[in-house]
Amino acid sequence: MSDASSQKVRRKHPVLKVAGGFLGALAIALIVLVLVWQWDWFVPLINRKASAALHRPVSIAHLHVSPGLRTSVTVDDLKISQPEGFEKEKADFASAKSLTVKVDVWRYLTGRGLFIPVIRMDTPRGDIISLMNGRNNYTFGDTSKDNQSASSSSTTTLPDLGEIDIQNADIHLALAQLKTDMHVLVHTTSAQANQKGNVVVDLKGRYAQSPINGHIVGGALLSLTKPAEPYPIDGRIANGPTYVTLKGTVDDPLHFKGTKLALHFAGPDMSLLYGLTGVPVPHTPAYSITGNLGYSENAIRFQKFEGKMGSSDIGGNINVNPHLKPPFVEAALHSRSVDLADLGGFIGAKTGEAKKTAPPSKSVLPDQKINVPKLNAVNAHVTYHGDHIRNKDLPLDNIDTEFEVKDGAIDLKHLTFATGSGKISAAATLEPTKNEQFRTKFRLDVSRLPLSQIMKATDTFKGEGTIGGHVTLTSTGNSVASLVANGDGGTTLVLDRGGDVTALLPDLLGLKLGSAVLSALGIPNRSRLECLVADMPLDSGILKTKSLLLQTETTRTTGTGTVNFHNDTLDYAVTTRSIHPQILSLPGAVHIFGPLSGPNILPGAELVGRVAASVGLGVLFPPAALIPTIQLGVGEGSACERAVREANTNPAAGIAPGGTTGGGASSVPHPSKAASSGKPARRLTPAQVKKAWAQKTNPK
């Protein structure tokens, strides 16, 4: 009975028999699958999907997965090849011996967000290339402007990160437009005791054509994603002769919330900073400056900086908006004490490294060309004030200037020097035109400039007087020298009641001829200057003479001739006559000609003849030697009054001197205009000068 019943029960449950067999087979299959499973089966699929997404071949050798509440995924021998057009590069675009990522699956499934507790990279490599034509190997996907603007306006939310471990990373950067070929070496250190780990970056190679070496230590990479924790930075970078240190903290660096960074930089020439900052600076002497570096979403700020530039101090604030195209720079600068020689680079004079490396200039005027690409790199508004000027040749009181650079054009609103009760003020505009030239308008105003202030460094000076007048220039060129050589305009200057002409004349005319010329002119030592009028038009780079009068209490000197700025030569004749009858004075013209940098001085035939006659008579009858030196005088007259009146009526500068000198008097009838040959002149040897004298005294 029992056997029959048990058989009946088994016949009534056939489904259980089938289900049991299926489950058994499934269990056996799972056991077999576990025993033979290889995650590498997914490698071809991953390679295809990654290659399609990155638009370049991607491969991994092995895939390892450790499932669990915290799933770990590791890929071995990761290689990302170069994109199309860069196949000839020896190195892969990116590679790594291994890459491991752990994900907290349970936290994600329970809706608490994505958490990645570990990212570990072993020996990552990179090869970042940008060609001179702008093509690069690091742009992924669609690079249209619409996509770029959309991506830039969107906010990227990063997952919560735990440990980030990078070992022996080496990123090669070859950026042709920046003239850069360097390696960025990165590794992280582990946390120890109460100290968090760090990321360490070393720079080696060349940046902006100069060697670069850098060592930067930052906080743990994890801290970058924690806005509440200030991120520490301590870095030192040497780019050629330029040295930069940066130390402090950054608040929420991923969102530009704020900084507390001390920046110090030093070097032989600020123009070398262009490669590091992208902001063009004229050539300067050696400098060392320290300030506070900050940034926000709209600006990078270098504030409350102080330092030295040459023998001058320099300080102020600089703000840069890098989001504008081109970037906009606003600078408010000041100096307590400044040497004008340190500012020479702003007008094209060679200072700093430019002075060391530039070939000798043949021009007496600054010939440094305006760098048009650098000028177009930024728009700028700059103000500068120097409280006190130190200059042994021209001791002015202070300097104040303001200028703007916009779309390659320069607008010098004013450049003002104050001295005593007077001032010198310049204004100019430079508009870019073809062939990197600039259409320029320039005006210099000299008003009530006290001569005693200018000549106070000269211990032989005595007397008072004021200088006033104007200089104008309209031209096209790309340096001070070319602008003057191509320019039209003029100079109208009047000096009323001056001091010691022996100390004044060489510097005032800019000829640096010395006391020998004054002696040749017959001007007695320490003569008191009554007036000086210079009314000289500039015509296509040749400075001509309408009026040139220098009158002392005993002599009257007039000049005629030209200065040719095409070849930096002059051809001038200066004649001195006595106002009162006197002896021991040799009248006649003195010819000054040749290169401006070292002209020849040749006494005229009348002067040489009188000297020869004096010597001859002295041999026959010594008292008779005084006869050729006696002048009957030209009379006191009103030459100064006439010269000033003519300069005010028809000034060469186009602007009458008016009351710029106080109550002075002025000018002479126009001397004849001497034409310039336009041919380059050379400095004569002593033998050639003697031969020229002989030809003038003994004409055939």
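Structure's up top.
Residues numbered from 1 in each chain as written. Predicted model: local features only at pLDDT ≥ 70, side-chain atom pairs only at ≥ 80, totals over all residues. Heavy atoms only, no water.

Before going further, it helps to examine the overall build of the protein. When its secondary structure is counted, the protein shows 15 helices and 34 strands. Looking at the protein as a whole, 40% of its 700 residues are labelled buried. Expressed as a percentage of contacts within the protein between residues at least 6 apart in sequence, the contacts between residues at least 24 apart total 52%. Total accessible area on the protein stands at roughly 37700 Å², and carbon and sulfur atoms take up 60% of it. (Helix = DSSP H or I, 4+ residues; strand = E, 2+ residues; numbered from the N terminus. Buried < 20%, exposed > 50% of the residue type's maximum accessible area, 1.4 Å probe, protein only. Contact = heavy atoms within 4.5 Å. Areas by Shrake-Rupley, 256 points an atom, 1.4 Å probe, with all protein chains shown as cover.)

What follows covers the pairing of strand 6 (residues 125-130). Buried residues dominate strand 6, accounting for five of its six residues. Looking at chain direction, strand 4 (residues 94-104) and strand 6 are connected through two bridges and run antiparallel. Its bridge partner being in strand 6, Ser 95 is matched across the sheet by Arg 125. Of the strand pairs in this sheet, strand 6 and strand 8 (residues 169-175) are connected by six bridges, and their pairing is parallel. Bridge assignment links Gly 126 to a residue of strand 8, and that residue is Ile 171. (Pairing = 2+ DSSP bridges.)

Let us now look at a nonpolar patch on the surface. Nonpolar side chains collect at one region of the surface, where Leu 69, Trp 106, Tyr 108, Leu 109 and Leu 114 lie side by side and expose about 590 Å² of accessible area between them. Mapped onto the elements of the fold, Tyr 108 is located in helix 4 (residues 105-109). On the accessibility criterion, Tyr 108 (52% relative accessible area) is exposed. (Patch = residues over 30% accessible without salt bridge, like charges linked within 9 Å, V, L, I, M, F, W, Y side chains within 5 Å. Salt bridge = Lys/Arg side-chain N within 4 Å of Asp/Glu carboxyl O.)

In this structure, Phe 265, Tyr 287, Ile 289, Ile 399, Phe 565 and Tyr 572 are the most contacted members of the largest nonpolar core, which totals 56 residues. When residues in this core are grouped by element, the largest group, four residues, is from strand 28 (residues 529-539). If sequence neighbours within four positions are ignored, Phe 565 has contacts with Leu 365, Val 484, Ala 485, Leu 538, Gly 541, Leu 543 and Leu 596. Ranked by size, the runner-up nonpolar core spans 28 residues in total, among them Ala 94, Ala 169, Val 186 and Leu 203. (Core = buried A, V, L, I, M, F, W, Y, C linked by side-chain atoms within 4.5 Å.)

As a further point, take helix 3 (residues 43-54). If you check helix 3, its first and last C-alpha atoms are 16 Å apart, about what twelve residues at 1.5 Å a residue would give, namely 16 Å. Directly after helix 3, the chain includes His 55, whose backbone phi takes a positive value near 60°. (Expected span 1.5 Å × (residues − 1).)

What follows covers the packing of aromatic side chains. Two measures describe an aromatic ring pair: the distance that separates the ring centres and the angle between the ring planes. Scanning the entire structure with this criterion turns up four aromatic pairs. An aromatic cluster is defined as three or more aromatic residues linked by ring pairs; in this entry it consists of Phe 265, Tyr 287, Phe 302 and Phe 305. One residue, Arg 56, lies across the ring of Phe 93, its end atom 4.8 Å from the ring centre. (Phe/Tyr/Trp six-rings, centres within 6.5 Å; stacked < 30°, edge-to-face > 60°. Lys NZ or Arg CZ within 6 Å of the ring centre and 35° of its normal.)

The residue Asp 571 is located in strand 32 (residues 569-578) in this model. With a relative accessible area of 38%, Asp 571 lands in the partly exposed category. Along the primary structure Asp 571 and Phe 593 are separated by 22 residues, whereas in three dimensions their C-alpha atoms are 4.4 Å apart.

Take the environment of Val 480 next. Of note, Val 480 is situated in helix 10 (residues 480-485). Expressed as a C-alpha distance, the spacing of Val 480 and Ile 370, which sit 110 residues apart in the sequence, is 9.3 Å.

Take unusual backbone geometry next. With an omega of -5°, the peptide bond between Lys 325 and Pro 326 qualifies as cis. As for its placement among the helices and strands, Pro 326 is situated in the loop between strand 17 (312-321) and strand 18 (328-335). Located in the positive-phi region is Ala 208, a residue other than glycine, with phi close to 50°. In this structure, Asp 568 is a non-glycine residue whose phi angle is positive, near 55°. Its place among the elements puts Asp 568 in the loop between strand 31 (555-564) and strand 32.

Read these as layout, nothing more, since geometry by itself doesn't imply function.
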